[in-house]
Amino acid sequence: VDKLATRGESGGRDVSGRGVQTNLLKLMEDGDVPVVSPNDMTGQLQSAMSAMRGSGATQPETINTRHILFIVSGAFSGIDQIIKRRLTTAATPSPKMERLSVDQTLGQLTTADVISYGLEPEFIGRLPVRVACHGLDTDDLFNVLRKSESSLIHQYERAFAAYGIKCEFKDDGLRRLAELAANEQTGARGLMTICERVFR
């Protein structure tokens, strides 16, 4: 959902992002919404087919969104800087505030910060519960490599086995890969970057 933000720095509002937010608003208003939008190509084709058959205007199929839970997510890259700016202007800057980690900064998120990021007030107002996920540290990344079902390590074992090479991974080697991936600061995607770099 962060991709829908209309960023002020881009030299004008991103109308498409605002339009998508407005359309999503209609879905989240606990009402009956058409399954196919009348502005959508599919909706227009269905209307045209009905008109050709002479069956007249048919009632569009609708769905009630009252009992649908909407969960949206995003990386919100750069929102920590917006929060820090607000915290520094709201209080006298202190060395303690400057040393806040990204996770600690995101814990201070307010509705105003998300609006400054570029989401419409009406849209963000429909999302009352907000949670910031903590970044993955070295231990987390190590566990992803060692314990996850579709671990990259199993993929590399199979890839090497296809060439008749038996590949074994020891914990200290995996921990080193996790440390390098943590330095990438791209979450679990960093594991792919590092593994490709090392094994190629």
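Check the entry above for the structure.
Notes on the structure follow. All chains use their own residue numbering, which begins from 1 and follows the written sequence. The predicted nature of this model means local features are confined to residues of pLDDT at least 70 and side-chain atom pairs, given and counted, to a pLDDT of 80 or more, with totals for whole chains, interfaces and linings taken over all residues. Water and hydrogen atoms were dropped before computing side-chain values, which therefore reflect all heavy atoms in the structure.

Helix and strand assignments come from DSSP, with helices taken as H or I runs of at least 4 residues and strands as E runs of at least 2, each series counted from the N terminus. Among the secondary structure elements, T105 is positioned in helix α5 (residues 102-106). Distance and chemistry together define a polar contact, namely a pair of N or O atoms within 3.5 Å, with one atom able to donate a hydrogen and the other to accept it when in protein, and with adjacent residues in sequence counting only for side-chain atoms on both sides. Only 2.8 Å separates the side chain of T105 from the backbone oxygen of S101, close enough to count as a polar contact. Leaving out residues up to four positions away in the same chain, T105 has contacts with D80, I83, K84 and L100. Contacts between residues were defined by any pair of non-hydrogen atoms, one from each residue, lying within 4.5 Å.

Attention now moves to the packing of helix α10 (residues 171-184) against helix α11 (residues 189-199). Across the interface, α10 lies against α11 with an axial gap of 8 Å and an inter-helix angle of 125°. The angle between α10 and α11 falls in the class oblique. As α10 packs across α11, the resulting crossing turns out to be right-handed. Contacts between α10 and α11 pair L177, A178, L180, A181 and E184 from the former with G190, L191, T193, I194, C195, R197, V198 and F199 from the latter. Nonpolar residues are Ala, Val, Leu, Ile, Met, Phe, Trp, Tyr, Cys and Pro. Charged residues are Asp, Glu, Lys and Arg, and all others, Gly as well, are polar. Here the contact of α10 with α11 is built from residues that sort into nine nonpolar, two polar and two charged. Helix axes use the C-alpha atoms of the stretch in contact, all axes being lines fitted to C-alpha atoms, and the angles between their N-to-C directions lie in the range 0 to 180 degrees. The labels follow the angle: roughly parallel below 35 degrees, roughly antiparallel above 145, roughly perpendicular from 65 to 115, and oblique for the rest. Should the near helix be turned anticlockwise from the far one by less than a right angle, the crossing is termed left-handed; should it be turned clockwise, right-handed.

The residue F76 is not glycine, and still its phi comes out positive at about 50°. With respect to the secondary-structure elements, F76 resides in the loop between β2 (62-64) and α3 (79-90). Exposed residues in this analysis have more than 50% of their type's maximum accessible area, buried residues have under 20%, and partly exposed residues fall in between, with area computed by a 1.4 Å probe over protein chains only. When its relative accessible area of 18% is taken as the criterion, F76 is described as buried.

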